[in-house]
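Overview (structure and organization)
So you can see what is in the structure, the chains are spelled out below.
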Amino acid sequence: MRTPLYDAHIRLGARMVDFAGWDMPVQYSSILEEHRATRTGAGIFDVSHMGQLWVEGEGAYEYIQYLTTNDMSRLLGGKWAYSPVCAEDGGTVDDLIVYPRDGGYLCCVNASNTLKDFDWFLSHAPAGVTVENHSDRYAQIALQGPKAKELLAAVPPELILLRPATGYTGERGYELYVRPEDAATVWDILLDRGAAPCGLGARDTLRMEAAFPLYGHEISETVSPLEGGLSRFVRPEKGDFIGREALLRQSADPARRTLIGLMSSGRVIPRQGYDVLCGGEKVGVVTSGGPGVFVGGQIAMALVVPCDGAFAVVVRGKPEPMDRVELPFYKA
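What comes next concerns the included structure.

What counts and what doesn't
- Residues numbered from 1 in each chain as written.
- Predicted model: local features only at pLDDT ≥ 70, side-chain atom pairs only at ≥ 80, totals over all residues.
- Heavy atoms only, no water.
- Phe/Tyr/Trp six-rings, centres within 6.5 Å; stacked < 30°, edge-to-face > 60°.
- Helix = DSSP H or I, 4+ residues; strand = E, 2+ residues; numbered from the N terminus.
- Buried < 20%, exposed > 50% of the residue type's maximum accessible area, 1.4 Å probe, protein only.
- Contact = heavy atoms within 4.5 Å.
- 1 Å grid on protein atoms, 1.4 Å probe; cavity = no way out; pocket = protein on both sides within 12 Å on 5 of 7 lines; lining within 4 Å.
- Points joined across faces, edges and corners; volume = space filled by probe spheres on them.
- Nonpolar A, V, L, I, M, F, W, Y, C, P; charged D, E, K, R; others polar.
- Arc of directions from axis to C-beta.
- Pairing = 2+ DSSP bridges.
- Lys, Arg positive; Asp, Glu negative; His and termini not counted.
- Salt bridge = Lys/Arg side-chain N within 4 Å of Asp/Glu carboxyl O.
- Polar contact = N/O pair within 3.5 Å; in protein donor to acceptor, adjacent residues only side chain to side chain.

**Focus: the packing of aromatic side chains**
Throughout the structure, instances matching the rule amount to six aromatic pairs. Between tyrosine 138 and tyrosine 177, the aromatic rings sit 5.9 Å apart at their centres with planes inclined by 90°, giving edge-to-face as the arrangement. Taken together, the residues tyrosine 138 in the loop between strand S8 (129–133) and strand S9 (139–144) and tyrosine 177 in strand S10 (residues 173–178) connect sequence positions 39 residues apart. Both residues of the pair, tyrosine 138 and tyrosine 177, count as buried. With a centroid separation of 6.0 Å and 10° between ring planes, the pair formed by tyrosine 168 and phenylalanine 212 is classed as stacked. Pair noted here: tyrosine 168 is in the loop between helix H5 (148–152) and S10 and phenylalanine 212 is in the loop between helix H7 (200–209) and helix H8 (244–251), with a separation of 44 residues, a long-range link. Put simply, the rings of Tyr99, Tyr138 and Tyr177 pair up and form one aromatic cluster.

If you want it as structure tokens, here you go:
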């Protein structure tokens, strides 16, 4: 599948890869250059592959509250909200952002989970609530970095359907929802104003520095939001929701796994799936790892059981010492 910006990526010489069935740019110049451009100026990312599910009808708000772990009461004030969605056992079905719009709710979900989420939404929808897949109605451009607000002023407001101030890079920025036919126009305006085109590679290194979870890494059907560092988005006090009892039991378990940050000044790069040692014993695995482009050294997030001792990551059979650090690694 191709996004409405595919031709623009080809013109810019992007290296394209398959991601969740989509032809997506992994980089244009280099991942390091695009990462730094976002941290110091503004980067733009094609995220039109993300899914959009539309929920409306009598009881839609109560349905969204029951489906998600976070307290969605902020939606009643017209604000957007982020939340994991859990199964009954506490495993993470997905994480999403919900926007109130035109009397309903637009739910932005991960590209790789769009069809699975659509089925999940439909299977739990009560009478009177309608769920539709509106993914083909939107193109989405992420404008991120300290100069994002300045550049956004150049885009005619009539071209933007929705522009929440949010992002996945750790920088101030916006997610611009536009009509597919307007995507190239908005993209070109931002390029002309100096935004750097950025691919999936820089999007990943940026989100790692900011310690944002990636589905299938920090959270998954076998990793709960409590384990994946998202406890602040689990609000059992709001009332019943799918997975509430399992998460309450897990929160009271002192032996449950925890997401931690690891960092070293060495040159050996930790990668997803590498074993993590504490005091010489295996205590978990790396969920995401790579170079700390803006913070220096090598960084990793790891899912581990509680332990005391020095940490190391096993790289090619050899333990490489790493220091435990507070997350996030970078904060704007």
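**Re the environment of phenylalanine 294**
Take phenylalanine 294: it is sitting in the loop between strand S14 (281–291) and strand S15 (298–304). Put simply, phenylalanine 294 and leucine 206 are 88 residues apart on the chain and 8.7 Å apart in space, counted from C-alpha to C-alpha. Other than its neighbours up to four places away in sequence, phenylalanine 294 contacts His35, Arg39, Thr40, Glu209 and Tyr330.

**A few points about empty space enclosed by the protein**
Applying the stated criterion across every chain yields a total of one cavity of 30 Å³ or more. Of the volumes computed, that of the largest cavity is approximately 50 Å³. Together, Met24, Pro25, Phe45, Asp46, Val47, Cys198, Gly199, Leu200 and Arg203 line the largest cavity. Among the residues forming the lining of the largest cavity, the class breakdown is six nonpolar, one polar and two charged.

**Looking at the layout of surface pockets**
The space that makes up the second largest pocket amounts to roughly 230 Å³. Forming the walls of the second largest pocket are 16 residues, and the residues nearest its centre are Met1, Trp22, Ala111, Thr114 and Leu115. No other element matches the three residues that helix H4 (residues 114–124) contributes to the lining of the second largest pocket. Tallied by class, the residues present in the lining of the second largest pocket amount to six nonpolar, eight polar and two charged.

**Looking at H4**
When H4 is considered as a whole, its buried residues turn out to be Thr114, Asp117, Phe118 and Phe121. Along H4, the residues classed as buried sweep out an arc of 105° about the axis, all on the same side. Seen from the open side of H4, the exposed residues pointing more than 90 degrees away from its buried face are Leu115, Asp119 and Ser123. Buried residues in H4 make contact with strand S4 (51–57), helix H3 (60–67), strand S6 (92–101), strand S7 (104–109) and S8.

**Concerning the pairing of strand S16 (residues 311–315)**
Consecutive side chains along a regular strand alternate between the two faces of the sheet. Most of S16 is tucked away: four of the five residues are buried. With three bridges joining them, strand S13 (residues 275–278) and S16 adopt antiparallel strand pairing. Among the inter-strand pairings, leucine 277 is bridged to a residue of S16, identified as alanine 312. One ladder, built from five bridges, connects S16 with strand S17 (residues 318–325); its direction is antiparallel. Paired with valine 315 across the strands is lysine 318, a residue of S17.

**Examining the side chain of aspartate 94**
Along the chain, aspartate 94 falls in strand S6. The buried charged residue aspartate 94 lacks any salt bridge partner; its closest oppositely charged side chain belongs to lysine 116, at an N-O distance of 6.2 Å. At 2.5 Å, the side chain of aspartate 94 forms a polar contact with the side chain of asparagine 110. Of note is the side chain of aspartate 94, whose polar atom sits 3.1 Å from the side chain of asparagine 113. Those residues in contact with aspartate 94 that sit more than four places away from it in its chain are Ser83, Pro84, Val85, Val109, Asn110, Asn113, Asp117 and Tyr215.

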